[in-house]
Amino acid sequence: MSDWISELLTVQEQIRKETVFDDPIERLLQEHRIIAALTCTLEVWSMRAEDGDEVDVECVDALVNLLTEFVDEVHHEKEESLLMPQLVALGLMPEQEDLRAEHQHERYLVGALRYLTRLAEPDDPLSSRRFATLARELVAFQRAHLESETRGIYGVLERLDEGRRAALKRELQAFDRRKEPVLRAWRARLERLLERRGGSLEERPPTEPATAIWA
Ligand SMILES: [Fe+2]
Ligand SMILES: [Fe+2]
């Protein structure tokens, strides 16, 4: 199994570990830890590519799917549609334009990464240099974004009164239930990728009992 796949599997391991989500606000932080794990994977890949390693396009494509379908369409959407409007309405946060602009910039970087993977052909593999440059930029941007949110938005949540916090939790839980299939679908795609390469997720025993629907 290639090193690129092994590093991709560390993201799945992190998803498996983040199993406690009774509290939907804690779940947002779990999502940040998953995003941090996939950012680490992207960083390791960028270093490999800088060292001249050939880019594993299928692995990059799998990570790009996770960045789009989970990070953007689940996590960012939850922040933009549920979390920020509440905090802005209560005067606990300034307008959310900065946050939307950051998410938009990340969409642009992920789109560029997807475009690069689409250009790759067997006789014209993805340029390691172009991949490394873009991946590094995305890693730096993602880390700064996670840090500013953790300091800003998530710190403010504790200032919500009990009633508003309970109402927000109900909305977040309903959202999470609707989006539940997304990580399952990613896991299934990862399993198919591994099968094509002669491996299986089952060959990697979980570090903890798999008790969650995410696992
Ligand atoms: Fe965000
Ligand atoms: Fe976030």
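Remember, it's a predicted structure, so these values are computed and weren't measured experimentally.

### A few points about the overall build of the chain
Helix and strand counts for the chain stand at eight helices and zero strands. Listed by position from the N terminus, the elements making up the chain come as α-α-α-α-α-α-α-α. Considering the chain as a whole, with its 215 residues, one finds that 25% of them fall into the buried category. When contacts within the chain are restricted to residue pairs at least 6 apart in sequence, those whose partners lie at least 24 apart make up 78%.

### Description of the nonpolar core
Ranked by size, the top nonpolar core spans 31 residues in total, and within it Leu38, Leu42, Leu63, Leu66 and Ala135 carry the most contacts. The set of elements that each furnish at least two residues to this core consists of α1 (3-17), α2 (24-50), α3 (57-89), α4 (97-119), α5 (128-151) and α8 (181-196). Top element by residues in this core is α3. It accounts for eight residues. Ignoring anything within four residues of it in the chain, the contact list for Leu66 reads Val11, Leu38, Val71 and Trp186.

### Quick notes on the packing of α4 against α5
Interaxial distance between α4 and α5 falls to 10 Å at its minimum, and their mutual angle equals 160 degrees. On the basis of their axis angle, the class for α4 and α5 is roughly antiparallel. By crossing handedness, the relation of α4 to α5 is classed as left-handed. Residues Glu102, His105, Glu106, Leu109, Ala112, Leu113 and Leu116 of α4 lie in contact with α5, whose contacting residues are Arg130, Phe131, Leu134, Glu137, Leu138, Phe141, Gln142 and His145. Its residues placed into classes, the contact of α4 with α5 shows eight nonpolar, three polar and four charged.

### Some thoughts on the environment of Leu193
Along the chain, the position of Leu193 falls in helix α8. Along the primary structure Leu193 and Cys59 are separated by 134 residues, whereas in three dimensions their C-alpha atoms are 8.3 Å apart. Leaving out residues up to four positions away in the same chain, Leu193 has contacts with Glu58 and Ala62.

### Overview of the confidence of the model for the chain
Scored by pLDDT, the chain comes out at a mean of 86, with 90% of its residues at no less than 70. Below pLDDT 50 for its whole length, residues 207-215 participates in 15 contacts with residues either more than four positions away or in separate chains.

### Some remarks on the environment of Glu137
Within the secondary structure layout, Glu137 lies in helix α5. By the C-beta count within 10 Å, which is 14 here, Glu137 ends up partly exposed. Here the alpha-carbon distance between Glu137 and Glu106, two residues 31 residues apart in the chain, equals 9.9 Å.

### Observations regarding α4
Working note: α-helix, 3.6 residues per turn, so residues spaced by three or four point in the same direction. Here α4 is 23 residues long and its end C-alpha atoms lie 33 Å apart, about the 33 Å a rise of 1.5 Å per residue gives. The inward-facing, buried residues of α4 abut α3 and α5.

### A short note on the packing of α3 against α4
The geometry of α3 relative to α4 is characterised by a closest axis approach of 10 Å and an angle of 165 degrees between their N-to-C directions. Classified by the angle between their axes, α3 and α4 sit roughly antiparallel to one another. The chirality of how α3 crosses α4 is left-handed. From α3, Val57, Val60, Asp61, Val64, Leu67, Thr68, Asp72, His76, Glu79, Glu80 and Met84 reach across to α4, where they touch Leu99, Arg100, His103, Arg107, Val110, Leu113, Arg114 and Thr117. When its residues are assigned to classes, the contact of α3 with α4 shows eight nonpolar, four polar and seven charged.

### Concerning the environment of Met84
By the element assignment, Met84 lies in helix α3. Owing to 19 C-beta atoms within 10 Å, Met84 belongs among the partly exposed residues under this scheme. Placed 69 residues apart in sequence, Met84 and Ile153 show a C-alpha to C-alpha distance of 7.7 Å.

Calculation rules
Residues numbered from 1 in each chain as written. Chains lettered and ligands numbered in written order. Predicted model: local features only at pLDDT ≥ 70, side-chain atom pairs only at ≥ 80, totals over all residues. Helix = DSSP H or I, 4+ residues; strand = E, 2+ residues; numbered from the N terminus. Buried ≥ 20, exposed ≤ 12 C-beta atoms within 10 Å, placed from the backbone. Contact = placed C-beta atoms within 7 Å. Core = buried A, V, L, I, M, F, W, Y, C linked by C-beta atoms within 7 Å. Axes fitted to C-alpha atoms, helices over the stretch in contact; angles between N-to-C directions. Parallel < 35°, antiparallel > 145°, perpendicular 65-115°, else oblique. Left-handed = near helix turned anticlockwise from the far one by under 90°. Nonpolar A, V, L, I, M, F, W, Y, C, P; charged D, E, K, R; others polar. pLDDT = per-residue confidence, 0-100. Expected span 1.5 Å × (residues − 1).

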